[in-house]
Amino acid sequence: MSNRHLNAPSLSDIDVLAFLDELIPDTLETRTVGAQEWLRLKLTEVMMEARKRAGLTQAELAERLGVGQARISKLENANNDRTIDSVVAYLTALDAELLVAVRQGEQVFQASRDCWLVDIPHAPTTVELHSVHTDFEVQAPAAIRDLAPALVEAVVAA
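Computed from a prediction, not measured in an experiment: that's the story for all the values here. (Residues numbered from 1 in each chain as written. Predicted model: local features only at pLDDT ≥ 70, side-chain atom pairs only at ≥ 80, totals over all residues. Heavy atoms only, no water.)

Q: How would you explain the overall build of the protein chain if you had to name every residue and give the values?
A: In terms of helices and strands, the protein chain carries six helices and five strands. Each helix and strand of the protein chain, ordered N terminal to C terminal, gives the series α-α-α-α-α-β-β-β-β-β-α. Across the 158 residues that make up the protein chain, the buried fraction comes to 21%. Carbon and sulfur atoms make up 58% of the accessible area of the protein chain, which totals about 12100 Å². (Helix = DSSP H or I, 4+ residues; strand = E, 2+ residues; numbered from the N terminus. Buried < 20%, exposed > 50% of the residue type's maximum accessible area, 1.4 Å probe, protein only. Areas by Shrake-Rupley, 256 points an atom, 1.4 Å probe, with all protein chains shown as cover.)

Q: With reference to specific residues and values, describe the nonpolar core.
A: Core analysis: the biggest nonpolar cluster contains 12 residues, these being M47, A50, L56, L61, A62, I72, L75, V87, Y90, L91, A93 and L94. By residue number, the principal contributor to this core is helix α5 (residues 84-92), which donates three residues. Setting aside chain neighbours within four positions, we find L91 in contact with M47, A50, A96, E97 and L98. (Core = buried A, V, L, I, M, F, W, Y, C linked by side-chain atoms within 4.5 Å. Contact = heavy atoms within 4.5 Å.)

Q: Before we move on, could you go through the pairing of strand β1 (residues 101-104) and cite the residues and values that matter?
A: Summarising the sheet, β1 and strand β2 (residues 107-110) pair through four bridges and their orientation is antiparallel. Its bridge partner being in β2, V102 is matched across the sheet by F109. (Pairing = 2+ DSSP bridges.)

Q: Mind laying out the pattern of salt bridges, listing which residues take part and the relevant values?
A: Enumeration over the complete set of coordinates arrives at six salt bridges. In this structure, the salt-bridge partner of D26 is R31, at a minimum N-O distance of 3.0 Å. Two residues, E37 and R40, come together in a salt bridge whose shortest N-O distance is 3.4 Å. With E37 and R40 both in helix α2 (residues 28-53), this residue pair falls three residues apart, about one helical turn. Beyond isolated ion pairs, a larger network of salt bridges with shared partners links E37, R40 and D81. (Salt bridge = Lys/Arg side-chain N within 4 Å of Asp/Glu carboxyl O.)

If you want it as structure tokens, here you go:
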């Protein structure tokens, strides 16, 4: 029996993120693929949670949409591409809405209608509120700055 594995570092001794950074270069392509995969997985998770919160099975949602249950299964599979149209139809049948915003640098542009987006930086001194009608910037008191991480978690969980 070989002893070569006895001296190998354990997983707890390896900085996995640093190891991956060495293996995977930080390029436009890798950042794009990472963003696409994160969105694909998160959208799948949120869609399934919305259906379950609505108390519907895939078959019941399919009936509402006038499609087969297999179509709902494909929409809820992260390995399948979806169109914006199919996601909006799916969510609308659940009385849910897809909210979209684009962040470029420090600016956030809303692409959703009649809904507020709140932008809270990691260490906020101001809180920006964006709506289709107007934008506000409010000086954030210490209490809001201290609560910002919890507020972000609450908004994401809602």
